[in-house]
2 protein chains.
Amino acid sequence: MDFMAERFSGVVLRWHQEGDQENRPTMGEIGLNHFAPYLMNRIISRWNSNMAEELREYELSTAKMRTLAVLSVSASLTINELSIFAVIEQSTMSRTLDSLEEQGYIRRTPRAEDMRIRDVTITEEGRTAFGRFWPTMYDSLVRMFDGIDEEEYRAFTGTLHKILLNIRKHEI
Amino acid sequence: MDFMAERFSGVVLRWHQEGDQENRPTMGEIGLNHFAPYLMNRIISRWNSNMAEELREYELSTAKMRTLAVLSVSASLTINELSIFAVIEQSTMSRTLDSLEEQGYIRRTPRAEDMRIRDVTITEEGRTAFGRFWPTMYDSLVRMFDGIDEEEYRAFTGTLHKILLNIRKHEI
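Attention here is on the structure that accompanies the text. Per chain, residue numbering runs from 1 following the sequence as it is written. In the order they appear in the text, chains get letters beginning with A and ligands get numbers beginning with 1. Given that the model is predicted, a residue must reach a pLDDT of at least 70 before its local features are reported, and side-chain atom pairs must reach 80 or more before they are shown or counted; all residues, however, enter totals for whole chains, interfaces and linings.

Quick look at the pairing of strand S2 (residues 114-122) of chain B now. Residues and elements named next belong to chain B. The rule for pairing is simple: two strands pair if DSSP sees at least two bridges between them. By definition, any uninterrupted DSSP run of H or I lasting at least four residues is a helix, any uninterrupted run of E lasting at least two residues is a strand, and each is numbered from the N terminus. Relative to S2, strand S1 (residues 106-111) is paired through six bridges, and the arrangement is antiparallel. Bridging across to S2, Arg111 finds its partner in Asp114. Linking S1 back to S2 in an antiparallel pair, the connection comprises two residues.

Written as structure tokens, this is what we have:
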């Protein structure tokens, strides 16, 4: 059973030509290997478990690392924004922020005009902690995209941006 | 804060030009929005939670749906293979198969030459159960790739295949 075999029969995007929702191709016609969400799940599950394993040495959880990564490129964010950008549920994010604050990696400042909202920023210590992990993360990215040139990488992330916009538009 | 802003500065793939592992760009230089695993995590987490919500109506779990999807395009698979292809941990997969067998959706047959190995196949009832859910899944795929033509879809899945091969090669 070779799932990497080329079995593309050109029917994945049949809807674009026909616009006929009743005439859907089957999963067998598309082939698992041409069903993009399946491939993305395979890849991202490996990426995430690899990161989780690497993080053990750095005494950071996936949630903490993601939070620091997002904050390292942001002026300040609310917990809602952080939860979306770091792809971490709000309840987990809340606990993660408590712990990061204890470690001195983040700071929470009530907003002057609405004290219920707190702006989260990264501290220098937080930047340093993320900086220690970054080479490991970056080198994994390099291995992941081995043999893929800049043009292909740009096209790939370009398609990912279109999908993200579709997700918002259609509220998928 | 607009994460969708174009901030690509052409440094993501610096290693290809320079091969200098000590001269890594920072996360800030790359920009979160050009860090592919981040974008993929955002997308696939939405896809998975959307599927999980839709599945409630069909009395199927994500693990069951994935198992049926993979079996629907396979002659037969072992639990190890199923676990990899369905992206479900072995312990969960074992419970999932017990339950699917009770529902009459799959069959497990000990292999003649090695009775410890059991080949898992889908039953007609299992095919029907997956077939009921398939239109929902397919229509989500259509919305996800709205405005993306066949050529772009092929290029996108082509890059995903390269990444999957890199993951095997580098054991990421």
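Let's pick the thread back up.
A word on the relation of the copies chain A and chain B. Turning chain A through 180° and shifting it by 0.0 Å along the axis lays it on chain B, with an RMSD of 0.0 Å. When the rotation and shift are considered jointly, the pair of chain copies conforms to a two-fold rotation axis. The C-alpha atom lying nearest the rotation axis in chain A is that of Phe156 of chain A; the distance is 2.9 Å. Comparing interface residues between copies, 100% of those in chain A also lie at the interface in chain B; the contact surface is shared. C-alpha atoms of residues with pLDDT of at least 70 in both copies form the basis for the least-squares superposition of the copies. What counts as a contact is two residues whose backbone-derived C-beta atoms lie within 7 Å of each other.

Before going further, it helps to examine helix H6 (residues 90-102) of chain A. Residues and elements named next belong to chain A. Its 13 residues give H6 an end-to-end C-alpha distance of 18 Å, which sits within 8% of 18 Å, the value for a rise of 1.5 Å per residue. Here the C-beta atoms are placed from the backbone, and a residue counts as buried if at least 20 other C-beta atoms lie within 10 Å of its own, exposed if 12 or fewer do, and partly exposed otherwise. Regarding H6, the residues found buried are Met93, Thr96, Leu97 and Leu100. Each buried residue of H6 lies within a common arc of 100° when the element is viewed along its axis, so the set occupies one face. Exposed residues on H6 whose side chains face more than 90 degrees from its buried face are Ser91, Arg95, Asp98 and Glu102. Buried residues in H6 make contact with helix H4 (62-72), helix H5 (79-85), strand S1 (106-111) and strand S2 (114-122). Of the residues trailing H6, Gly104 is marked for its positive phi of about 80°. One fewer than the residue count of a helix, multiplied by 1.5 Å, yields its expected span. Throughout, the arc means that of the directions going from the helix axis to the C-beta atoms.

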